[in-house]
Amino acid sequence: EPEVTQTPSHQVTQMGQEVILRCVPISNHLYFYWYRQILGQKVEFLVSFYNNEISEKSEIFDDQFSVERPDGSNFTLKIRSTKLEDSAMYFCASSEVRESGGYTFGSGTRLTVV
Amino acid sequence: GENVEQHPSTLSVQEGDSAVIKCTYSDSASNYFPWYKQELGKRPQLIIDIRSNVGEKKDQRIAVTLNKTAKHFSLHITETQPEDSAVYFCAASRTDSWGKFQFGAGTQVVVTP
């Protein structure tokens, strides 16, 4: 069964540094999403992306965050200047159509900001 | 915006008993309600979902019920097994904000043999 893959699985970065989290969505999917989960807390929506532009974003997704689909396979989340509170698990997801139902998350990237 | 409340936060059940987790939502326009299971250190996995045009859905030992009037939905797990132990999250979204799921705070389910 196709899966969403994410790299790296764990990233440690210094406060103030830029990080890029990478995701390879399922190949025929057109809608892409990022979520985050702070340790021990609920999953939070960050952003949805379709047709090379953001469809929806949450209050968390401020100017420090950006997303990009730089080629036909990758979907990236960039945090420009990381803060300690950005430490979380970041999950990518994708779906073939807009209302296809719940989708499977990627395996996640654990971001630790020190 | 949408707000989803989930109860209880922890649930301990004997193997073979049933478990029920309840969620309420605030946005009457929400029309899609998935449930996710998350084992420690792993990704959330979709286990069942329900749309607002349906009142109940069942998949083997798992069922979900939806009461649109009261704006609440519930997950029912029957004949629980130790491998059902995990954190369960409910979520809600609306068609015009697809993917913008609002998750509940989660329920830690522990099934004891």
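Note that this is a predicted model, so its numbers are computed, not measured. (Residues numbered from 1 in each chain as written. Chains lettered and ligands numbered in written order. Predicted model: local features only at pLDDT ≥ 70, side-chain atom pairs only at ≥ 80, totals over all residues. Heavy atoms only, no water.)

Draft legend 1. Fine view of the overall build of chain A. Scanning chain A from terminus to terminus reveals 0 helices and 10 strands. Helices and strands appear in chain A in the N-to-C order β-β-β-β-β-β-β-β-β-β. Whereas a compact globule of 114 residues would reach a radius of gyration of roughly 13 Å, chain A reaches 13 Å, a difference of no more than 12%. Reported as C-alpha extents along the three principal axes, the dimensions of chain A are approximately 35 × 25 × 25 Å. Each of the 114 residues in chain A was classed as buried or not, and the buried ones make up 47%. Excluding contacts between residues fewer than 6 apart, the proportion of contacts in chain A whose partners are at least 24 apart in sequence is 54%. Summed over its atoms, the accessible surface of chain A is roughly 5,700 Å², and 45% of this surface lies on carbon and sulfur atoms. Of the charged side chains in chain A, 10 are positive and 15 negative; the average position of the first set lies 4 Å away from that of the second. (Helix = DSSP H or I, 4+ residues; strand = E, 2+ residues; numbered from the N terminus. Rg over C-alpha atoms; globule rule 2.2 N^0.38 Å. Buried < 20%, exposed > 50% of the residue type's maximum accessible area, 1.4 Å probe, protein only. Contact = heavy atoms within 4.5 Å. Areas by Shrake-Rupley, 256 points an atom, 1.4 Å probe, with all protein chains shown as cover. Lys, Arg positive; Asp, Glu negative; His and termini not counted. Charge placed at Lys NZ, Arg CZ, Asp CG, Glu CD.)

Draft legend 2. Focus on the pairing of strand S6 (residues 53-57) of chain A. Residue and element names in this part refer to chain A. Note that strand S5 (residues 43-50) and S6 share 4 bridges and pair antiparallel. Across the sheet, Tyr 50 pairs through a bridge with Glu 53, a residue of S6. What sits between S5 and S6 in their antiparallel hairpin is a turn of 2 residues, with Asn 51 showing a positive phi close to 55°. (Pairing = 2+ DSSP bridges.)

Draft legend 3. Representation of the interface of chain B and chain A. Facing the 21 residues of chain B at the interface are 23 residues of chain A. Taking both partners together, chain B and chain A bury about 2,000 Å²; carbon and sulfur atoms supply 53% of that area. The interface formed by chain B and chain A includes 2 salt bridges. Residues Glu3(A) and Arg43(B) are paired through a salt bridge, measuring 3.9 Å at the closest nitrogen-oxygen approach. Our count for the contact surface shared by chain B and chain A stands at 3 residue pairs in polar contact (both at pLDDT 80 or more). Every element with two or more residues in the side of chain B that touches chain A is listed here: strand S4 (32-38), strand S5 (45-51) and strand S10 (102-103) of chain B. (Buried area = accessible area lost by both parts, 1.4 Å probe. Salt bridge = Lys/Arg side-chain N within 4 Å of Asp/Glu carboxyl O. Polar contact = N/O pair within 3.5 Å; in protein donor to acceptor, adjacent residues only side chain to side chain.)

Draft legend 4. Representation of the packing of aromatic side chains within the structure. Across all of its chains, the model carries 19 aromatic pairs over all chains by this definition. With 4.7 Å between their ring centres and 45° between their planes, Tyr25(B) and Phe33(B) make a pair best called tilted. Residue class for Phe33(B) comes out buried when judged on its relative accessible area of 0%. A ring pair is formed by Phe89(B) and Phe103(B), whose centres lie 6.5 Å apart and whose planes are at 85°; its orientation type is edge-to-face. In this pair, Phe89(B) is assigned in strand S9 (residues 86-92) and Phe103(B) in strand S10, connecting sequence segments 14 residues apart. A residue is classified by how much of its surface remains accessible, and Phe89(B), at 2% relative accessible area, is buried. Judged by its relative accessible area of 1%, Phe103(B) falls in the buried class. Linked through ring pairs, Tyr35(A), Phe45(A), Phe91(A), Phe105(A), Tyr32(B), Tyr36(B), Phe89(B), Phe101(B) and Phe103(B) together constitute an aromatic cluster. (Phe/Tyr/Trp six-rings, centres within 6.5 Å; stacked < 30°, edge-to-face > 60°.)

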